[in-house]
Amino acid sequence: MFKKILIANRGEIAVRIIKTCRKMGIATVQVYSEADAGSLAIEMADEAVLIGPAPANQSYLLADRIVEAVRQTGAEAVHPGFGFLSENAGFARRLRDEGIAFIGPNPEAIEAMGDKITSKRFAAEAGVSTVPGHMGLIESTEEAVRIAREIGYPVMIKASAGGGGKGIRVAHSDDDMAEGFAAVKAEALNAFGDDRVFLEKFIVDPRHIEIQVLGDKHGNVVHLFERECSIQRRNQKVIEEAPSPLLDPETRAAMGAQAVALARAVNYDSAGTVEFVAGQDKSFYFLEMNTRLQVEHPVTELITGVDLVEQMIRSAWGEKLAFDQDELKIDGWAIESRIYAEDPYRGFLPSIGRLVRYEQPEEGLHADGYTVRNDSGVREGDEISMFYDPMIAKLCAWAPTRAEAVEGMARALEDTHLSGLGHNVPFLAAVMDQPRFRSGHLSTSYIKDEFPDGFHGLPPSPAQARIMVAAAMAMHEILSEQAGDPSDRTEWSVLVDASPFPVALSYDDDEALTLSLDGHPEPVRLSDIDWRPGLAQFRAVLDGEPFTAEVARAPDGFVIRHRAAKARVRVLTPAVAALYARLPEKQAADTSKLVLSPMPGLVVAIPVEPGQEVKAGETVAIIEAMKMQNILKAERDGVVKAVSAKAGDPVAADDVLVEFA
């Protein structure tokens, strides 16, 4: 077995690989850019080598630097993780020529499957069902529009070398195609160094289901069942689960057989994923093959018990698979939530900065029967850089059934606390609580369907309102005791935002808090309180149900968030509560005439000028951040009064770009 492996990646996947190497007794070398100098991966690795400045094209994407680091440290193999050079056939071939093992498939398989145009041709020849489209290269916008008309709208524009949700647009008209074609080519060139683009029919109300395959260098290939990845935003996966709630055993077997046949056709010899688009009627079509480890591989590991990173290493060493298809079984259900540094309340815009607080749920088996796994590459105090994907962690929950796994994930999200930057934990919690998600009726348009006007949080349910009232009363009592000013008052009025909840307070024999709430037939009992002033999380058990709420002191009360519901909560005497009801709400400032930068980034273009008439829907600015181009459009007709930035300017979130008269 290898004695030393170099990891040509960063962040959580580097940490993930190091954990398996430790288990196998293999030493690790971590390469890093200047932006990652103090990272968790460096702390965990046995050795570390600086390979360049922060931009990926000056560090992680430079094969020469990786090979030089291998030679410098005496590593025998390279694990590329995902992204960067993981699907670069030239890099894999270079390592082979240098006598360095590549922990991934052979370069010929990468070449055949890594290019989306070529892979679809291979799939068609192998008898795998494919989506209608145009697989040839497209040279101009005019040609793209013509082909799109022939295929029939809606049409998906995809970068041939794309991945990770980048380089994808859906066009519903000629105008969409003209604009989207140029944007995808620009994104593809910037992110992958390859601006080739192809088109395919966009399946309405589709589901995204993928099959995990695993091969060795002796011709053996198996599949490890499916993952459902339909909860996506801008074609970027957000929530994944295994198995899929759509598939029956027959469809699962058919998809698995096609995936294995395709892998065998290209002599595949490592971990890889065959992606399908599926209709609600269980029809399915090949999308692409990812010739690498997937971001969402943990859910497959949780339901099969197979360590995919370990199997990749063993395959690269030349070992045969230790199991065949009949030995693989699905055990339980697993869900993964990708926790990103992005603000769901601001259209999911990247929110880079320092992770001031990061409290993670306890990993392992919990008392309620669910198991938590948290793959993270950052710690409290680390900075989320603008140069890379803004992922903070991949939070997973496993349980015997899907319903239990969903509830386990919801509880794990409750136990996650971050501050210092925007994050999507409230949004993820909202999805877990939605009846549609719990029913398993998913599609890739789920987020757009369920949150058409964006995410603004959810109002507290009756049960959440009781949690907020109970938590506020408990914190009020604790603070009063600490201040040496306990009150004998038992009658209170708790305002959850503007909604009053009259409360009668008492303690039982076990010193648990008992609250009688108007409109609730029985008193509620709050026990096992775990909170003291300064803590950002309030843990307790309410009527036998454990919960965690995020809490913060406010001038006249508390701000409490439970899952997706957030409210200002005040504990008041009934007389004072009556006065609060008369206070007017402060009106927000009017920014309707301003186009603001939604995130920190660089201005690519501002195609308008003062005095120009603009129609609703026209592009007024293009901002680049996290390798993605974000097109800002006018929300109404108007005349441009002033332009405050130009191409190449760095901008911060909320900087004014364009002002209308």
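Before reading further, recall that the structure is shown in the block above.
Below, the structure is looked at part by part.

Rules used throughout
- Residues numbered from 1 in each chain as written.
- Predicted model: local features only at pLDDT ≥ 70, side-chain atom pairs only at ≥ 80, totals over all residues.
- Heavy atoms only, no water.
- Helix = DSSP H or I, 4+ residues; strand = E, 2+ residues; numbered from the N terminus.
- Rg over C-alpha atoms; globule rule 2.2 N^0.38 Å.
- Buried < 20%, exposed > 50% of the residue type's maximum accessible area, 1.4 Å probe, protein only.
- Contact = heavy atoms within 4.5 Å.
- Areas by Shrake-Rupley, 256 points an atom, 1.4 Å probe, with all protein chains shown as cover.
- Core = buried A, V, L, I, M, F, W, Y, C linked by side-chain atoms within 4.5 Å.
- 1 Å grid on protein atoms, 1.4 Å probe; cavity = no way out; pocket = protein on both sides within 12 Å on 5 of 7 lines; lining within 4 Å.
- Points joined across faces, edges and corners; volume = space filled by probe spheres on them.
- Nonpolar A, V, L, I, M, F, W, Y, C, P; charged D, E, K, R; others polar.
- Phe/Tyr/Trp six-rings, centres within 6.5 Å; stacked < 30°, edge-to-face > 60°.
- Lys NZ or Arg CZ within 6 Å of the ring centre and 35° of its normal.
- Disulfide = S-S within 2.5 Å.
- Pairing = 2+ DSSP bridges.
- Axes fitted to C-alpha atoms, helices over the stretch in contact; angles between N-to-C directions.
- Salt bridge = Lys/Arg side-chain N within 4 Å of Asp/Glu carboxyl O.

Along its length, the chain carries 17 helices and 40 strands. Expected size for 661 residues packed as a compact globule is a radius of gyration near 26 Å; at 27 Å, the chain falls within 12% of this value. Seen through its principal axes, the chain has C-alpha atoms that stretch 80 × 65 × 50 Å. A buried classification covers 56% of the 661 residues belonging to the chain. By sequence separation, contacts in the chain at least 24 residues apart represent 64% of the contacts at least 6 residues apart. Summed over all atoms, the accessible surface of the chain reaches about 26900 Å², with 51% contributed by carbon and sulfur.

All right, on to the nonpolar core then. Ile239, Ile392, Phe427, Met432 and Phe437 are the most contacted members of the largest nonpolar core, which totals 41 residues. Those elements that place two or more of their residues in this core are strand 12 (236-242), strand 15 (333-340), strand 23 (391-399), helix 12 (402-414), helix 13 (425-433) and helix 15 (446-450). Among the elements that line this core, the one with the most residues is helix 13, at seven residues. Leu40, Leu214, Ala316 and Phe323 belong to the second largest nonpolar core, which has 37 residues in total.

With respect to the element layout, Val571 can be found in strand 32 (residues 565-572). For the pair formed by Val571 and Glu111, sequence separation is 460 residues and the distance between their alpha carbons is 64 Å. Once you skip the residues sitting within four places of it in the chain, Val571 turns out to touch Ala472, Met473, His476, Trp492, Ser493 and Val494.

Another aspect to go through is unusual backbone geometry. Of the consecutive residues Tyr153 and Pro154, the connecting peptide bond is found in the cis state with omega at 0°. Looking at the secondary structure, you find Pro154 in the loop between helix 7 (141-151) and strand 7 (155-163). Following Ala242, the chain continues into Pro243 via a peptide bond in cis, with omega recorded as -5°. Mapping Pro243 onto the fold places it in the loop between strand 12 and helix 9 (249-265). Look at Asp528: it is not a glycine, yet its phi comes out positive at around 50°. With respect to the element layout, Asp528 can be found in strand 28 (residues 524-530). Although it is not a glycine, Asp654 sits at a positive phi angle of roughly 75°. Relative to the helices and strands, Asp654 is located in the loop between strand 39 (650-651) and strand 40 (656-660).

What follows concerns the layout of surface pockets. The probe, sized like a water molecule, is rolled over the atoms to show the empty space still left. By volume, the second largest pocket amounts to about 380 Å³. Those elements that provide at least two residues to the lining of the second largest pocket are helix 12, helix 16 (462-482) and strand 30 (545-554). When residues in the lining of the second largest pocket are grouped by element, the largest group, five residues, is from helix 12. A class-by-class count of the residues in the lining of the second largest pocket yields seven nonpolar, three polar and nine charged.

Our next topic: the packing of aromatic side chains. As enumerated under the stated definition, the model contains 13 aromatic pairs in all. With a centroid separation of 4.9 Å and 15° between ring planes, the pair formed by Tyr60 and Phe84 is classed as stacked. Taken as a pair, Tyr60 in the loop between strand 3 (47-52) and helix 3 (63-73) and Phe84 in the loop between strand 4 (77-79) and helix 4 (89-97) lie far apart in primary sequence, 24 residues in all. The exposure class assigned to Tyr60 is buried, which follows from its relative accessible area of 1%. Following the ring pairs from residue to residue traces out a cluster consisting of Tyr345, Phe348, Phe427, Phe451 and Phe455. Between the NZ or CZ atom of Arg402 and the centre of the ring of Phe437, over which it lies, the distance is 4.8 Å. The ring of Trp492 has Arg489 sitting right over it, with the charged end atom 5.7 Å from the ring centre.

Position of Val299 relative to the elements: it lies in helix 10 (residues 297-304). In the structure, Val299 is positioned 197 residues away from Phe102 in sequence and 24 Å away in space, judged by C-alpha atoms. For Val299, the contacting residues outside a window of four places in its chain are Arg227, Glu240, Glu241, Ala242, Ala334, Ile335 and Glu336.

This next bit is on the state of the cysteines. Tallied over the full model, the rule gives zero disulfides. Take Cys21: it sits in no disulfide, and the sulfur closest to it among the cysteines is that of Cys396, at 19 Å. With relative accessibility at 0%, the residue Cys21 sits in the buried group. Cys396 supplies the cysteine sulfur nearest to Cys229, a cysteine that is in no disulfide, at a spacing of 12 Å.

Here we take up the sheet that holds strand 30. A barrel is described by the order of its strands in space; here eight strands give the closed sequence 25-26-27-28-29-30-31-32, paired in antiparallel fashion. Sheet twist, expressed as the mean angle between neighbouring strand axes with direction ignored, is 35°. With six bridges connecting them, strand 29 (residues 537-542) and strand 30 associate as antiparallel partners. When the bridges of strand 30 are listed, Leu542 appears paired with Glu545. Contacting strand 25 (491-496), strand 26 (499-507), strand 27 (513-517), strand 28, strand 29, strand 30, strand 31 (557-562) and strand 32, helix 16 crosses the sheet at an angle of about 140° to strand 31.

Attention now goes to the pattern of salt bridges. Any two side chains of opposite charge can pair, on the condition that their charged atoms come close. For the structure shown, the criterion picks out 57 salt bridges. Between Glu301 and Arg16 there is a salt bridge, with its nearest N and O atoms 2.8 Å apart. On the criterion of sequence distance, the pair formed by Glu301 in helix 10 and Arg16 in helix 1 (residues 11-24) is long-range, its members being 285 residues apart. Glu301 sits in the buried class, given a relative accessible area of 8%. Note that Arg338 is salt-bridged to Glu296, the shortest N-O span being 2.9 Å. Of this pair, Arg338 sits in strand 15 while Glu296 is found in the loop between strand 14 (284-290) and helix 10, placing the two residues 42 residues apart along the sequence. For Glu296, a relative accessible area of 1% translates into the label buried.

We now examine the sheet that holds strand 37 (residues 628-633). The strand order across the open sheet built from four strands is 37-36-34-39, with neighbouring strands paired in antiparallel fashion. The open sheet has two edge strands, strand 37 and strand 39, and neither has a second partner. When strand 34 (residues 601-605) meets strand 36 (residues 619-625), the two strands line up antiparallel, connected through three bridges. Each bridged residue has a counterpart across the sheet, and for Ala605 the counterpart in strand 36 is Ile622.

Take empty space enclosed by the protein next. Overall, the coordinates contain two cavities of 30 Å³ or more when judged by the stated rule. Counted as a void, the second largest cavity has a volume near 30 Å³. Forming the walls of the second largest cavity are Pro80, Gly81, Ser86, Phe102, Ile103, Gly104, Pro105, Thr291, Arg292, Leu293 and Met312. Among the residues forming the lining of the second largest cavity, the class breakdown is six nonpolar, four polar and one charged.

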